[in-house]
Amino acid sequence: MIDARTKVCVIIGSPIEHSLSPQMHNAAYKALGINSEYVFIACQVEPKDLSSAIEGLRAMRVRGITCTIPHKVSVVTMLDHVEQTARDIGAVNTVVNDSGKLKGYNTDWLGIVTPLERRIKLKGKTVAVIGAGGAARAAVFGLRKKGANVLIYNRTKSKADILAKASNAQAKTMNEIEKIKEVDVIINTTPLGMKEHPASPIPKSVIQPHHIVFDIVYNPHQTMLLAYAKEKGAQTIHGYEMLLYQGTAQFEHYTGKKAPVEVMEETLKKQLNA
Ligand code: ATR
C-alpha cells in the first residue's frame, strides 16, 4: 500500500497523457515487490513552468524526474550535476533527486545501444543514422561511445554536419543513400513512419539482407521501414525496444535495483498491441 514513506517518481512533459512510463515502471515495482516503496506518476508541465516544477520537485524530494518532450534540453541548466554523456548529447531525460541535490543523466542512448548489443558487437561496425535531431544525437554519441563508425543521413545536410563534427562521425546527404547498402545497421530517428507520417525514410531498394534495421518509431509497431526490411530479409528491431531500454536504465538510477526487463517488456507490448 502507498503510505507516507512511499517515494514518488514522475514523468514531466507536454503532452503527457500518452506516456507509457507510468505503466512500465509501476509494473516493475510490483514485480519486485517494491510497489509500497515506489510509485510512478505523470504530470503535464508547460515549458514556461519547467523551472518552478523542478524547484518544487526538488523541495518535495520527489526521487526521480523523467523529462520528455519538450523539456530534455532546457532542464540541463537547472540541475546541480550533469553526467558527461548527457552533456555531450545536450539533453537529460533522467533526474535523480538525492536529498535535494539534482543529478542529470541521459538513458536514451542506452535505448539505442542496448537492443543492438543484445544482437551484435558494435565495436568496428558501421551504422547509418537517419536524422540529426535530438534522438539522433543520443544515438550517434551512444554508438560512438561503443566504438561504431557512424554515418549521419539527414534531409538538412548542415544539421548532419554539425552533429558529425561534434561526435567524430560522417555526414552524408540523401543523394548518397546508395552507400547505405554497405553499412551493418540502419537506425531511423526521424518521425517518418509514425501514424501521422506513413512513409519510409529510405527506399526499399537500398535495404539488404545483411542489415539490421532499427526504427525508433514505436507507433505503429510495424512501420513502413520495418515492413520493407522484413520483405528484404533483414533483421528488424521495433521502436518499443528503445522505450524499454531507456526505461530499464532509468529504473536502475531511481531504485538502485536491477530492472525486471521481461515484465517491463510485456507491459509495453501490451500497451502498444505489439
Ligand atoms: P527528435 O527530438 O524526435 O529527434 P527533432 O529534433 O525535431 O526530433 O528532429 C527530427 C529529425 O527528423 C530531423 O533530423 C529532421 O530533419 P531536418 O533536420 O531536415 O529538419 C528529420 N525529419 C523530420 N521530418 C522529416 C521529413 N518529413 N523528412 C525527412 N526528415 C525529416
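Our subject is the structure listed above.
This report concerns the structure included in the present document. As the structure is a computational prediction, the values presented were derived from the model and not from experiment.

A tally of regular secondary structure across the chain gives 9 helices and 12 strands. Structurally, the chain occupies a C-alpha span of about 60 × 35 × 35 Å along its principal axes. For the chain, the proportion of its 274 residues judged to be buried stands at 51%. At a minimum sequence separation of 6, the contacts of the chain that also span at least 24 residues come to 64%. In the structure as shown, the chain presents an accessible area of about 12,700 Å², 52% of it carried by carbon and sulfur atoms. The positive charge centre, built from 35 side chains, and the negative charge centre, built from 25, are 3 Å apart in the chain.

What follows covers the sheet that holds strand β3 (residues 64-67). What links the strands of a sheet is backbone hydrogen bonding, and the strands pair in either a parallel or an antiparallel sense. A sheet is described by the order of its strands in space; here 6 strands give the open sequence β2-β1-β3-β5-β6-β4, paired in mixed fashion. Single-partner strands in this sheet number two, and they are β2 (38-44) and β4 (81-82). Strands β1 (7-13), β3, β5 (94-98) and β6 (101-105) of the sheet are contacted by helix α2 (residues 50-59), whose axis makes an angle of about 175 degrees with β1. Strands in contact with helix α8 (residues 240-255) are β1, β2, β3, β5 and β6; relative to β5, the strand with the most contacts, it is inclined by about 10 degrees.

Aromatic ring pairs are defined here through the distance separating the ring centres and the angle between the ring planes. Summed over the entire model, instances satisfying the criterion amount to 2 aromatic pairs. For the pair Y29 and F251, a centre-to-centre distance of 5.7 Å together with 35 degrees between the ring planes defines the contact as tilted. Of this pair, Y29 sits in helix α1 (residues 21-31) while F251 sits in helix α8, placing them 222 residues apart in sequence. F251 sits in the buried class, given a relative accessible area of 1%. Through pairs of rings, three or more aromatic residues link up here, namely Y29, Y38 and F251. A cation sits over an aromatic face here: K7 above Y38, 5.2 Å from the ring centre.

Our next topic: the environment of H71. When you line up the elements, H71 lands in the loop between β3 and β4. By relative accessible area, which is 0% here, H71 ends up buried. When the C-alpha positions of H71 and L110 are compared, they lie 19 Å apart, and in sequence the two are 39 residues distant. Residues contacting H71, with those up to four places away along its chain left out, are I12, G13, V45, E46, P47 and L50.

On to unusual backbone geometry, then. Here the residue pair I69 and P70 is connected by a cis peptide bond, since its omega of 10 degrees sits within 30 degrees of zero. Along the chain, P70 falls in the loop between β3 and β4. The peptide bond linking N219 to P220 adopts the cis configuration, its omega dihedral lying at 10 degrees. Along the polypeptide, P220 turns up in the loop between β11 (212-215) and α7 (224-231). Even without glycine at this site, S99 takes up a positive phi of about 50 degrees. Looking at the element boundaries, S99 is found in the loop between β5 and β6. Accessibility expressed as a relative area gives 62% for S99, which makes it exposed. Even without being glycine, N273 reaches a positive phi, approximately 50 degrees.

Quick notes on the rules
All residue numbers here refer to positions counted from 1 along the written sequence of the relevant chain. Thresholds applied to this predicted model are a pLDDT of at least 70 for local features of residues and 80 or more for the giving and counting of side-chain atom pairs; totals over whole chains, interfaces and linings are not thresholded and use all residues. Based on all heavy atoms of the structure, the side-chain values leave hydrogens and waters out of the count. The helix and strand labels rest on DSSP assignments: H or I over at least four residues marks a helix, E over at least two residues marks a strand, and numbering proceeds from the N terminus. The cut-offs for exposure are 20% and 50% of the maximum accessible area for each residue type, with area from a 1.4 Å probe on protein chains only; residues under the lower value are buried, those over the upper are exposed, and the others partly exposed. Here a residue-residue contact requires only that any non-hydrogen atoms of the pair lie within 4.5 Å. Per-residue and other accessible areas were derived by the Shrake-Rupley procedure at a 1.4 Å probe size, with only the shown protein chains allowed to occlude residues. In this tally, Asp and Glu contribute negative charge and Lys and Arg positive charge; neither His nor the terminal groups of the chain are included. Here the site of a charge means atom NZ of a Lys, CZ of an Arg, CG of an Asp or CD of a Glu. Any two strands are treated as partners once DSSP identifies two or more bridges connecting them. Orientation is described by lines fitted to C-alpha atoms, with helices fitted over the stretch in contact, and by angles between N-to-C directions that extend from 0 to 180 degrees. Aromatic pairs are defined between Phe, Tyr and Trp rings, using the six-membered ring for Trp, whenever the two ring centres lie within 6.5 Å; interplanar angles under 30 degrees are classed as stacked, those over 60 as edge-to-face, and all others as tilted. Our definition puts a charge over a ring when NZ of Lys or CZ of Arg is within 6 Å of the ring centre and also within 35 degrees of the ring normal.

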